[in-house]
Amino acid sequence: MGMIANYQQTTDEELEKLKSSKEIVEDVEELQENEKLDVCDIDKMWDALHFLLLGRSAGEPVENNLISEAIVGQFVVSEEDFVSGIRADRVKAIAEALQELNFEEYIKKFNMSDFAENNIYPDIWEYEDEEDEIIEELCDSFESMKKFYLRMSEKGCAVLVSIY
């Protein structure tokens, strides 16, 4: 098992409570079990998406960049187990930026060796015979994220990001 990214519906108030939590992972997992809340799981493609769209690993987020924030969050809640949050007002701006982004232009430039040379997670870039499947997974992950942020924007929700 590797590091998986989940994006979850929440509120600004819940994000503030999590900042002071001593049991952050348990609290996040408990929130994820609430079937009434909307969750987007892009599995292991979070770093690859960040690199594809921004030219750098998610470990080097771009400050005040809506696309970077869509993947790694607006502010860190817990660094130990990576948990971050995005306030509801910023979710709306992120949703708009994702809707406007021409993903096809980025995917046309996809080159597995670039990902390998930059040690982008997950470490799958030597499987050249699986390139079509990897591209499809990147496309699916982006579409899932784009639709999720649009739903959250329409509901006026904040987003909780967990990558562990």
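Preceding this section is the structure that the text describes.
Keep in mind that what you see is a predicted model, and the values were worked out from it rather than measured. (Residues numbered from 1 in each chain as written. Predicted model: local features only at pLDDT ≥ 70, side-chain atom pairs only at ≥ 80, totals over all residues. Heavy atoms only, no water.)

1. Notes on the overall build of the protein chain
So the rule is basically this: Segments assigned H or I by DSSP are reported as helices when at least four residues long, segments assigned E as strands when at least two residues long, and all are numbered from the N terminus. Atoms considered for the radius of gyration are the C-alpha atoms alone. The globule rule reads 2.2 Å times the number of residues to the power 0.38. Relative accessibility decides the category of a residue: with a 1.4 Å probe and only protein chains considered, values under 20% of the type maximum give buried, values over 50% give exposed, and everything between is partly exposed. Contacts are residue-level and defined by heavy atoms, with any inter-residue pair within 4.5 Å sufficient. Residue exposure ignores everything except the shown protein chains as possible cover, and the areas themselves are Shrake-Rupley values with a 1.4 Å probe. Asp and Glu count as negative and Lys and Arg as positive, but His and the ends of the chain are not part of the count. Think of each charge as sitting on NZ of Lys, CZ of Arg, CG of Asp or CD of Glu.
A count of helical and extended segments in the protein chain gives eight helices and five strands. Listing every helix and strand of the protein chain by position from the N terminus yields β-α-α-β-α-α-β-β-α-α-α-α-β. Rg of the C-alpha trace for the protein chain: 15 Å, near the compact-globule value of 15 Å for 164 residues, within the 12% margin. In terms of principal-axis extent, the alpha carbons of the protein chain reach across some 45 × 30 × 30 Å. Within the protein chain, the proportion of its 164 residues that are buried is 46%. Considering only contacts in the protein chain between residues 6 or more positions apart, those separated by 24 or more positions represent 73%. Counting only carbon and sulfur atoms, one obtains 43% of the accessible surface of the protein chain, whose full area is about 8900 Å². The centroid of the 15 positive side-chain charges in the protein chain is displaced by 9 Å from the centroid of its 41 negative side-chain charges.

2. Considering helix α2 (residues 24-32)
For clarity, the cut-off: To obtain the arc, one takes the directions from the helix axis to the C-beta atoms.
Looking at α2, one finds that the buried residues are I24, V25, V28 and L31. Summarising the axial view, the buried residues of α2 lie within an arc of 125°, below the 170-degree limit, and thus occupy one face. Among the structural elements, β1 (5-10), α1 (12-19), β3 (75-78), β4 (82-86) and β5 (158-163) are those in contact with the buried residues of α2.

3. Structural notes on the packing of aromatic side chains
To be explicit about the condition: Stacked, tilted and edge-to-face are the three classes applied to pairs of Phe, Tyr and Trp rings, where Trp contributes its six-membered ring and a pair requires centres within 6.5 Å; stacked means planes under 30 degrees apart, edge-to-face means over 60, and tilted covers the rest. The rule for a charge over a ring is simple: NZ of Lys or CZ of Arg within 6 Å of the ring centre, and within 35 degrees of the ring normal.
By the definition in use, this model includes eight aromatic pairs. Measuring from centroid to centroid gives 5.6 Å for F148 and Y149, while their planes differ by 75°, and the two rings are edge-to-face. This pair shows no difference in class: F148 is buried, exactly as Y149 is. Through a chain of ring-to-ring contacts, three or more aromatic side chains come together here, namely F51, F110, F115 and W125. A cation sits over an aromatic face here: K19 above F75, 4.6 Å from the ring centre.

4. Brief notes about helix α8 (residues 131-155)
Definition in use: Multiply 1.5 Å by the residue count of a helix minus one, and that product is the helix's expected span.
Helix length check: α8, at 25 residues, gives a terminal C-alpha distance of 36 Å against a target of 36 Å (1.5 Å per residue), a fit within 8%. Listing the buried residues of α8 in full gives I134, L138, S141, F142, M145, K146, F148, Y149, M152 and S153.

5. So, the layout of surface pockets
The cut-off we apply is this: Points on a 1 Å grid, built from protein atoms alone, make a cavity when a 1.4 Å probe fits but cannot get out and make a pocket when they are open with protein on both sides within 12 Å along at least 5 of 7 lines; residues with an atom within 4 Å of a point are the lining residues. Grid points are joined across faces, edges and corners, and a volume is the space filled by probe spheres set on the points.
For the largest pocket, the calculated volume is near 290 Å³. At the level of elements, α4 (66-72) and β3 are the ones that each hand at least two residues to the lining of the largest pocket.

6. Describing a negative patch on the surface
Quick note on the threshold: Residues enter patches when they are more than 30% accessible in relative terms and free of salt bridges; like-charged ones are connected within 9 Å and nonpolar ones (Val, Leu, Ile, Met, Phe, Trp, Tyr) within 5 Å. For this document, the term salt bridge refers to a Lys or Arg side-chain nitrogen within 4 Å of an Asp or Glu carboxyl oxygen.
On the surface, E128, D129, E130, E131, D132, E133, E136, E137 and D140 cluster together into a patch of negative charge. As for its position among the elements, E130 is in the loop between α7 (112-117) and α8.

7. Thoughts on the pattern of salt bridges
For the coordinates displayed, the defined rule picks out seven salt bridges. A salt bridge links K17 to E14; its shortest N-O distance comes to 3.7 Å. With K17 and E14 both in helix α1, this residue pair falls three residues apart, about one helical turn. The class for K17 is exposed, based on a relative accessible area of 54%.

Treat this as a map of the structure, not an account of what it does.
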